[in-house]
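Given next are the chains, with one letter for each unit.
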Amino acid sequence: MTTTETATVVTGNGPRKILSNSIDLKPGDFSSIPILDLSLAFSPDLKDRKAVAEKLFDACTRVGFFYVKNHNVPEEVVSQCFDAGRDFFELSMEEKMKIYIKDSENFKGYTPLLGENTDPAGRGDLHEGFDIGYDYAGEGGKMEGVNRWPETLPGIKAPVTTYFSEMVKLGKKLFQLFALSLDLEENYFDGLVSGKGGIMRLLHYPPQMDENLDMKQLGIGAHSDYECFTILAQQEEVEALQVLNKGGEWVAATPIAGTFVVNVGDMMARWSNDLYLSTIHRAINRTGIRRYSVPFFFGVDYESTIEVLESCVSENRPKKYEPINAGDYIKQRLSETY
Ligand SMILES: O=C(O)CCC(=O)C(=O)O
Ligand SMILES: [Fe+2]
């Protein structure tokens, strides 16, 4: 099939072209998303951990997406978080709007259907969301702030915060693998990732069964993520996530039981001087049933400076980006989306 250029997605690191705008999935330069077995990432032997990091390097430079299995996050922590999400979205609109995200200065709370627009060329995303972050009670101008919970559903706080803590643990482990994969000391990022820099979302995508799908109003429009990397839990057997390969074709990220999907975000792409790919993706729920997912956008503490890593600069890859402050960058990107 010949593809024609039909769209440009504007990201924080510049505009990116989409060559095909169909909803069909076609194989291209990568036609599947690699699965990384994390068992050896927990080995006491550095050689084992480096072997996993090598696979991560391949996934990040070639695809920008990978699944992780044997990640040590207990299954019930995941399922209880999904149950909390289902209960939350069943609340009345009036209840949910009491914690409307736009009434919060730090992007915490509820986003209604079409309340967000990830693709500037789109007309809003067909999902609703509930955002929480690190529970920070002090003053702060960046992303700090307390989480906001629905008054009538206090029971969701425990499973959601337990899941949040598990993601911080896994995220820190992944940062160590990222460090090894970039030829840095394993603990290179440790001092920058206390767990305060991160946003977690519970998402609900109603089915979109229209025969003539409105391509400007998808579950989530084509976009790249903003933070360093995203850890996504997908509901089993409800397929919706699609990943754009270099050939401009969409590849399905089919849910695989017991795994998370991890993808590189724009901040890590910047840090690595675009050696690691912050790959464009979108979600369309054509299954006929409701879909729930839980992305966790993990990053460095918001006061950190992101400056291109020397190990990612060479004659063929001159430095592309100026240093930025992590918090300013994220806040700016979020303000463009809501
Ligand atoms: O729900 C999904 O599968 C993807 C969500 C996503 O890409 C995002 O929230 O950035
Ligand atoms: Fe995303």
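The shown structure was predicted, so the numbers you read here are calculated from the model rather than taken from an experiment. For every chain, the first residue of its written sequence is number 1, and the numbers climb from 1 along that sequence. Chain A is the first chain written and ligand 1 is the first ligand written, with later ones labelled in order. A pLDDT threshold of at least 70 governs which residues receive local features in this predicted model, and a stricter bar of 80 or more applies before side-chain atom pairs are shown or counted, although totals over entire chains, interfaces and linings include all residues. Hydrogens and waters are ignored; side-chain quantities use all the structure's heavy atoms.

### Some remarks on helix α2 (residues 75–89)
As a reminder of what qualifies: A run of DSSP states H or I qualifies as a helix once it reaches four residues; a run of E qualifies as a strand once it reaches two. Both are numbered from the N-terminal end. Expected span, for any helix, means 1.5 Å times one less than how many residues it has. Burial classes: relative accessible area under 20% of the type maximum marks a residue as buried, over 50% as exposed, and values in between as partly exposed (1.4 Å probe, protein chains only). Throughout, the arc means the angular range of directions from the helix axis out to the C-beta atoms.
With 15 residues, α2 extends 22 Å from end C-alpha to end C-alpha; this agrees with the ideal 21 Å at 1.5 Å per step. Every buried residue belonging to α2 is among V77, V78, C81, F82, A84, G85, F88 and F89, and all of these are buried. End-on, the buried residues of α2 take up no more than an arc of 155°, which puts them together on one face.

### Overview of the site of ligand 1
The line we're drawing: A molecule or strand has a residue near it when one of that residue's heavy atoms lies within 4 Å. Throughout this description, a polar contact denotes any pair of N or O atoms lying within 3.5 Å of each other; where both atoms belong to protein, one of them has to be capable of donating a hydrogen while the other can accept it, and for residues adjacent in sequence the pair is counted only when both atoms sit in side chains. Only the protein chains shown count as covering a residue, and every accessible area follows the Shrake-Rupley method with a 1.4 Å probe.
By nearness alone, every residue bordering ligand 1 is listed as L203, Y205, I220, H223, D225, L232, L241, H281, R291, S293, P295 and F297. Within the side chain of H281, a nitrogen or oxygen atom sits 3.0 Å from an oxygen atom of ligand 1. Between an oxygen atom of ligand 1 and a side-chain N or O atom of S293, the distance comes to 2.7 Å. Protein chains shield 96% of the accessible area of ligand 1, which is 300 Å² for the free molecule. At the level of elements, β7 (198–205), β8 (220–223) and β14 (291–298) are the ones that each hand at least two residues to the shell around ligand 1. Looking at which element gives the most residues to the shell around ligand 1, the answer is β14, with four residues.

### Examining the coordination of the iron ion (ligand 2)
Heads up, the rule is: In this description, a donor is an N, O or S atom within 2.8 Å of the metal centre, a cutoff extended to 3.2 Å for sodium, potassium and calcium. Water is not part of the atom list, which can make sites seem incomplete.
Those protein atoms acting as donors to the iron ion (ligand 2) are H223 (NE2), D225 (OD) and H281 (NE2), and they sit at 2.1 to 2.2 Å. Read N to C, the donor residues that coordinate the iron ion (ligand 2) are spaced as H-x1-D-x55-H. Of this pair, H223 sits in strand β8 while H281 sits in strand β13 (residues 281–283); the two residues are 58 residues apart in sequence, bridging distant segments of the chain. Here H223 matches H281 in class, with each residue buried.

### Some points on the side chain of D125
Which entries qualify depends on this criterion: In this tally, Asp and Glu contribute negative charge and Lys and Arg positive charge; neither His nor the terminal groups of the chain are included. For this analysis, a salt bridge means a side-chain nitrogen from Lys or Arg found within 4 Å of a carboxyl oxygen belonging to Asp or Glu. Pairs of residues are marked as contacts when any of their non-hydrogen atoms sit within 4.5 Å.
Structurally, the position occupied by D125 is in the loop between β5 (109–111) and β6 (128–133). Of the side chains with opposite charge, R201 comes closest to the buried, unpaired D125, at an N-O distance of 6.6 Å. Excluding its chain neighbours within four sequence positions, the residues that come into contact with D125 are L113, L114, E116, N117, T118, L218, G219, I220 and G221.

### Describing unusual backbone geometry
Trans peptide bonds make up most of the peptide bonds, and negative phi angles are found at most residues other than glycine. For N72, which is not glycine, the phi dihedral falls at a positive 75°. Locating N72 in the fold gives a position in the loop between β4 (65–69) and α2. Of note, L114 is a non-glycine position whose phi angle comes to about 65°, a positive value.

### A short note on the packing of α2 against helix α4 (residues 157–181)
Formally: Think of each axis as a best-fit line through the C-alpha atoms, taken over the contacting stretch in the case of a helix, with angles from 0 to 180 degrees between the N-to-C directions. In this scheme, roughly parallel covers angles under 35 degrees and roughly antiparallel covers those over 145, while 65 to 115 is roughly perpendicular and the rest are oblique. A clockwise turn of the near helix away from the far one marks a right-handed crossing, whereas an anticlockwise turn of less than a right angle marks a left-handed crossing. Put simply, Ala, Val, Leu, Ile, Met, Phe, Trp, Tyr, Cys and Pro go in the nonpolar bin, Asp, Glu, Lys and Arg in the charged bin, and everything else, Gly too, in the polar bin.
The interhelical angle for the contact between α2 and α4, taken along N-to-C directions, is 135°, at an axis separation of 8 Å. In terms of axis orientation, α2 runs oblique to α4. In this structure, α2 meets α4 at a crossing whose hand is left-handed. Together, V77, V78, Q80, C81 and A84 of α2 and P159, V160, T162, Y163 and E166 of α4 make up the contact between the two elements. Across the contact of α2 with α4, the residue classes break down as seven nonpolar, two polar and one charged.

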